[in-house]
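Coordinate inspection notes
Given next are the chains, with one letter for each unit.
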Amino acid sequence: MKACIVLALCVVSAFAGPEEDLWLKFNTVRPSDLEGYEVPEFEGRIVGGNEVSIANFPYQLSLRHNGNHICGASVISSNWALSAAHCTVAPVSAGSATLRGGSSSRLTGGVIFAVAQIVNHPQYNANTINNDVSVLRTTTSFTGANISPITIVPSGTNFAGGTRSVVSGWGLTTPGGSLPTNLRAVDIPVVTLATCRSQWGTARITDSMVCAGEPGRDSCNGDSGGPLVTGGRQFGIVSWGAVQCGGNLAGVYANIGAAVIRNFISSNTGV
């Protein structure tokens, strides 16, 4: 199997501007054992998604570093947000991080929330991207128009292959292009672990991961750290996937239903 893994799925940086350069910094780490794999050519544009209103995704947040968008996140309680650990490791800190909520635009509107604390999963592995989850506590409560928490699934929750889900964020929409100003989302099916392991390799897909996507429709339109949702409940966090956007390889997400991830969230946030 020839594949190149990138966080935040299908990112190309050749002609990105200053903010895109920063965003890509937090969205292009690969598992170390894939460094020798052949990089496939980027084929086509990011497909399958549509622009959406924040009113329908009030839990969606833009995670920002020194005022610039770097990743997605989600509101899970009055003052806790959920994101990916690879988005919140150094140099990101509570002092440099903010969260924009309540706006479809990643540039204007809504409310900016200061971050008081960031907790990365203690077993997060930057080489394998396992346990890719973090929680962020804000200095003030998440209040404002079009801002409300999403329910996260309990420990042990699994969904059958083919279950329809939605991922949202401000991911790139063209190779080497700029980040879209407005929020986008795409509908994708859950892929069984057995199928995902057959695609990526058994050892690479752990029980702390869940997979989703189909040819022509995948989570390229979602940021790293962004929410994967079904039935009004979040069960995944955008983590990593293939450069060949919309291809045959499923996108990979941190699995909120996995005990090692769900217990971490609960013990730190009470959610």
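In short, a report on the structure. (Residues numbered from 1 in each chain as written. Predicted model: local features only at pLDDT ≥ 70, side-chain atom pairs only at ≥ 80, totals over all residues. Heavy atoms only, no water.)

Glancing now at the overall build of the chain. Secondary structure summary: the chain contains 4 helices and 15 strands in total. Looking at the chain as a whole, 56% of its 271 residues are labelled buried. Pairs at least 24 residues apart make up 73% of the contacts formed inside the chain by residues separated by at least 6 positions. Carbon and sulfur atoms form 49% of the exposed surface of the chain, whose accessible area is close to 9800 Å². (Helix = DSSP H or I, 4+ residues; strand = E, 2+ residues; numbered from the N terminus. Buried < 20%, exposed > 50% of the residue type's maximum accessible area, 1.4 Å probe, protein only. Contact = heavy atoms within 4.5 Å. Areas by Shrake-Rupley, 256 points an atom, 1.4 Å probe, with all protein chains shown as cover.)

Applying the stated criterion to the full structure yields 4 aromatic pairs. Centroid distance Trp-200 to Trp-240: 5.0 Å. Interplanar angle 75°. Geometry classified as edge-to-face. One end of the pair, Trp-200, is in helix H3 (residues 193-200); the other, Trp-240, is in strand E14 (residues 233-242), with 40 residues separating them in the sequence. The pair Trp-200 / Trp-240 is uniform in exposure class, with both members buried. (Phe/Tyr/Trp six-rings, centres within 6.5 Å; stacked < 30°, edge-to-face > 60°.)

Take the state of the cysteines next. Tallied over the full model, the rule gives 2 disulfides. Across a sulfur-sulfur distance of 2.2 Å, Cys-71 and Cys-87 are joined as a disulfide pair. Its S-S torsion of about -85° marks the bond between Cys-71 and Cys-87 as left-handed, since a negative value means left-handed. Taken as a pair, Cys-71 in strand E4 (residues 68-75) and Cys-87 in helix H2 (residues 85-88) lie far apart in primary sequence, 16 residues in all. For Cys-71, a relative accessible area of 0% puts it in the buried group. For Cys-196, the disulfide goes to Cys-211, at an S-S distance of 2.1 Å. What sets the handedness of the Cys-196 and Cys-211 disulfide is the S-S torsion sign, and at about -80° it is left-handed. Remark: Cys-211 occurs in strand E12 (residues 209-212) and Cys-196 occurs in helix H3; sequence separation between them is 15 residues. (Disulfide = S-S within 2.5 Å.)

Leu-63, Leu-82, Leu-99, Phe-142, Tyr-253 and Ile-265 are the most contacted members of the largest nonpolar core, which has 42 residues in total. Ranked by residues supplied to this core, first place goes to E4 with 4 residues. Here this core spans two domains, since at least three of its residues come from each of domain 1 (57-149 + 261-269) and domain 2 (163-257). Counting 13 residues, the second-largest nonpolar core is a separate cluster that includes Ile-129, Val-191, Ile-205 and Ala-250. (Core = buried A, V, L, I, M, F, W, Y, C linked by side-chain atoms within 4.5 Å. Domains from an automatic or database assignment.)

Owing to a relative accessible area of 0%, Trp-240 belongs among the buried residues under this scheme. Put simply, Trp-240 and Asp-132 are 108 residues apart on the chain and 9.5 Å apart in space, counted from C-alpha to C-alpha.

Okay, the sheet that holds strand E5 (residues 80-83) next. With respect to topology, 6 strands assemble into a closed barrel ordered E3-E4-E5-E8-E7-E6, the strand pairing being antiparallel. Geometrically, the sheet is characterised by an average inter-axis angle of 45° between neighbouring strands, direction not taken into account. Where strand E7 (residues 111-120) lies against strand E8 (residues 134-138), 5 bridges are found, and the strand directions are antiparallel. Within E8, the position partnered with Val-115 by the bridge is Thr-138. (Pairing = 2+ DSSP bridges. Axes fitted to C-alpha atoms, helices over the stretch in contact; angles between N-to-C directions.)

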